[in-house]
Amino acid sequence: MKDLRIAVVPGDGIGVEVTREACAVLEKVATAGGSKLALTPFDWSADAYLKTGVSMPKDGLKMLSENFDAILLGAMGDPRVPDNKHAVDILLGMRFGLDLYINHRPVRLLDAKLCPLKNAEPKDVDFVVFRENTEGLYVMMGGNFKKDTADEVATDIDLNTRKGVERIIRHAFEFAKTTGRKKVVMSDKANVLIHAHDLWQRVFKQVKAEYPDIVATHLYVDNLALQLVRDPKQFEVIVTSNMFGDIVTDIAAGLQGGLGMAASGNIHPGKVSLFEPVHGSSPPIAGKNIANPIGAIATAALMLDHLGWKEESARIDAATAGAVSAGETTVDIGGKLGTREAAAAILGRLA
Ligand code: NAD
Ligand code: IPM
Ligand code: MN
């Protein structure tokens with residue numbers, strides 16, 4: 001196991017509060033088998049942007065790649081920056097600039113009482129969504145014509161490359177194969193997006209032929225949305241495009257107990273990767289010690305697992321599951337505690 005150097009970007013709103021707790025958890029497991037973990041904070045946020053006009057230093061991405069093993073981010077987004085400029089520069093800037101093409105979003109129900117579905121148990125909600133993370137509708141290509149007139153035209157381009165589609169689909173199959181999973185579902189809207197999502201269909205067909213032991217099926221994304229809430233136990237691995245992955249992982253977060261529970265990693269194998277909870281900065285509840293820290297703590301555990309600190313990662317997950325079963329949680333998942341106290345319940349189980 002190696003020493004870990006983690007860049008920490010708390011960001012905005014509840015991002016700051018939940019990242020503080022995720023860091024406390026990391027500090028608690030910071031030594032493993034003689035290796036050490038160091039956390040270095042970066043104040044890249046709406047506050048800093050509004051003060052200085054700079055969202056992220058020019059050499060920011062280079063600095064992250066050269067000096068860190070991973071980045072832990074809270075959330076970006078602030079109503080005082082209505083065009084979301086700093087979030088685009090920082091969050092999407094890292095996803096695109098570091099070519100983090102795998103958005104890995106595990107979906108696990110820790111306790112039956114958290115699931116809004118009748119009779120669903122933890123074994124029924126246990127799958128992973130791989131969301132393409134570097135293209136699709138997120139490339140911000142397009143434009144306006146005759147803006148602010150009655151004849152205005154507005155476009156956003158859904159950009160899909162063979163390389164981009166192939167590497168995320170291949171990763172989904174490789175993940176299934178190496179983790180003993182047997183099923184991969186690819187989801188698109190090829191019945192309407194007859195060019196871009198036909199590419200997804202053709203690439204899926206080609207890649208699945210290389211994995212004869214895996215049951216590879218397809219669902220249109222509208223049907224996927226239904227199946228996720230009707231019968232989530234049918235899923236093991238889902239792979240989909242950037243925008244659809246964004247939406248279905250909020251639905252999937254609902255199955256886990258809400259956005260406060262959901263973790264994610266933005267990964268390029270072998271390169272510095274970015275870990276962040278699925279939720280945003282939640283301005284209405286920010287600064288009130290209300291936000292659920294579990295999404296951020298589970299994200300820290302996912303990061304450690306990715307970096308090879310498997311035992312420490314499992315210890316964090318077990319401590320979290322213990323606090324959840326004891327009901328020592330925040331209000332959004334039925335507890336009575338604040339952010340700090342809910343994190344303390346997890347920290348206490350890590351002794
Ligand atoms: P949001 O995730 O902030 O909130 C959606 C809902 O979930 C709200 O009701 C909120 O209170 C609840 N929620 C989210 N996280 C929670 C937690 N940890 N504990 C308890 N409740 C929680 O999404 P939004 O309101 O659509 O967006 C707010 C801002 O965050 C926007 O600026 C958006 O662009 C940004 N955003 C950023 C990220 C990110 O940085 N990765 C992700 C999503 C949204
Ligand atoms: C997410 C968020 C981001 C996205 C926003 C903040 C750009 O919703 O990480 O899920 O759409 O990817
Ligand atoms: Mn989202």
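Refer to the preceding data block for the structure.
Residues numbered from 1 in each chain as written. Chains lettered and ligands numbered in written order. Predicted model: local features only at pLDDT ≥ 70, side-chain atom pairs only at ≥ 80, totals over all residues. Heavy atoms only, no water.

## A short note on helix α1 (residues 14-28)
Spanning 15 residues, α1 covers 21 Å between terminal C-alpha atoms, matching the ideal 21 Å at 1.5 Å per step. Among the residues of α1, Ile14, Gly15, Glu17, Val18, Thr19, Glu21, Ala22, Cys23, Val25 and Leu26 are the ones counted as buried. Along its buried surface, α1 packs onto β1 (4-11), β3 (35-41), β4 (70-75), α9 (294-306), α10 (310-325) and α11 (339-348). (Helix = DSSP H or I, 4+ residues; strand = E, 2+ residues; numbered from the N terminus. Expected span 1.5 Å × (residues − 1). Buried < 20%, exposed > 50% of the residue type's maximum accessible area, 1.4 Å probe, protein only. Contact = heavy atoms within 4.5 Å.)

## Concerning the site of ligand 2
Taken together, Arg95, Arg105, Arg131, Tyr138, Asp246 and Glu276 make up all the residues around ligand 2. In the environment of ligand 2, an oxygen atom lies 2.7 Å from a nitrogen or oxygen atom belonging to the side chain of Arg95. For ligand 2, whose accessible area on its own is 320 Å², the fraction buried by protein is 73%. Of the residues contributing to the shell around ligand 2, the split by class is one nonpolar, no polar and five charged. (Near = heavy atom within 4 Å. Polar contact = N/O pair within 3.5 Å; in protein donor to acceptor, adjacent residues only side chain to side chain. Areas by Shrake-Rupley, 256 points an atom, 1.4 Å probe, with all protein chains shown as cover. Nonpolar A, V, L, I, M, F, W, Y, C, P; charged D, E, K, R; others polar.)

## Considerations on the pattern of salt bridges
Enumeration according to the criterion identifies 19 salt bridges in this entry. For Asp124, the salt bridge goes to Lys123, with nearest N and O atoms at 3.3 Å. You can call Lys123 exposed: its relative accessible area is 64%. Across the pair Glu210 and Arg170 runs a salt bridge whose closest N-O atoms are separated by 2.6 Å. Residue Glu210 is located in the loop between α6 (196-208) and β10 (215-220), and its partner Arg170 is located in helix α5 (residues 162-178); the two are separated by 40 residues in the primary sequence. The class for Arg170 is partly exposed, based on a relative accessible area of 25%. Members of the salt-bridge network, linked through shared partners, are Lys2, Arg5 and Asp69. (Salt bridge = Lys/Arg side-chain N within 4 Å of Asp/Glu carboxyl O.)

## Section: α6
When the terminal C-alpha atoms of α6 are compared, their 19 Å separation across 13 residues agrees well with the 18 Å that a helix rising 1.5 Å per residue should span. The complete set of buried residues in α6 reads Ala196, His197, Leu199, Trp200, Val203, Phe204 and Val207. Take α6 and look down its axis: the buried residues cluster within an arc of 135 degrees, on one side only. Packed against the buried residues of α6 are β6 (126-132), α5, β9 (183-188), β10, β11 (237-240) and α8 (242-256). (Arc of directions from axis to C-beta.)

## Details of the site of ligand 1
The immediate surroundings of ligand 1 are formed by 19 residues, with Met76, Glu276, Gly280, Ser282 and Asn292 found nearest. At 3.0 Å, a backbone N or O of Ser281 approaches an oxygen atom of ligand 1. Interatomic distance of 2.9 Å between a backbone N/O atom of Asn292 and a nitrogen atom of ligand 1. Protein contact buries 63% of the 810 Å² of open area that ligand 1 shows by itself. Partitioning the shell around ligand 1 into residue classes produces nine nonpolar, eight polar and two charged.

## Remarks on the nonpolar core
If you look at the biggest cluster of nonpolar residues, it comprises 81 residues, and the most contacted ones within it are Ile6, Phe127, Phe130, Ile169, Phe173, Val184 and Val239. Considering each element in turn, this core owes the most residues, eight residues, to α9. Once you skip the residues sitting within four places of it in the chain, Ile169 turns out to touch Met186, Trp200, Val203, Phe204, Val207 and Val239. (Core = buried A, V, L, I, M, F, W, Y, C linked by side-chain atoms within 4.5 Å.)

## So, the packing of helix α7 (residues 221-230) against α8
Interhelical geometry of α7 versus α8 gives an angle of 10 degrees and a closest axis separation of 10 Å. Looking at the two axes, α7 sits roughly parallel to α8. Counted together, Val221, Leu224, Ala225, Leu228 and Val229 of α7 and Phe244, Val248, Ile251 and Leu255 of α8 form the full contact between these two elements. Residues belonging to the contact of α7 with α8 are distributed by class as follows: nine nonpolar, no polar and no charged. (Axes fitted to C-alpha atoms, helices over the stretch in contact; angles between N-to-C directions. Parallel < 35°, antiparallel > 145°, perpendicular 65-115°, else oblique.)

## Re the environment of Pro116
Tracing the chain through its elements places Pro116 in the loop between β5 (102-108) and β6. In sequence terms Pro116 and Pro283 are 167 residues apart; their C-alpha atoms lie 25 Å from each other. Aside from chain neighbours lying at most four places away, what touches Pro116 is Gly254 and Leu255.

## With respect to the packing of α5 against α6
Contact geometry of α5 with α6 gives a least axis separation of 9 Å together with a crossing angle of 45 degrees. The orientation of α5 relative to α6 falls into the category oblique. Seen from above, α5 lies across α6 with right-handed handedness. When α5 is examined against α6, the residues Arg162, Val165, Glu166, Ile168, Ile169, Arg170 and Phe173 are found in contact with a partner set consisting of Leu199, Trp200, Arg202, Val203, Phe204, Gln206, Val207 and Lys208. (Left-handed = near helix turned anticlockwise from the far one by under 90°.)

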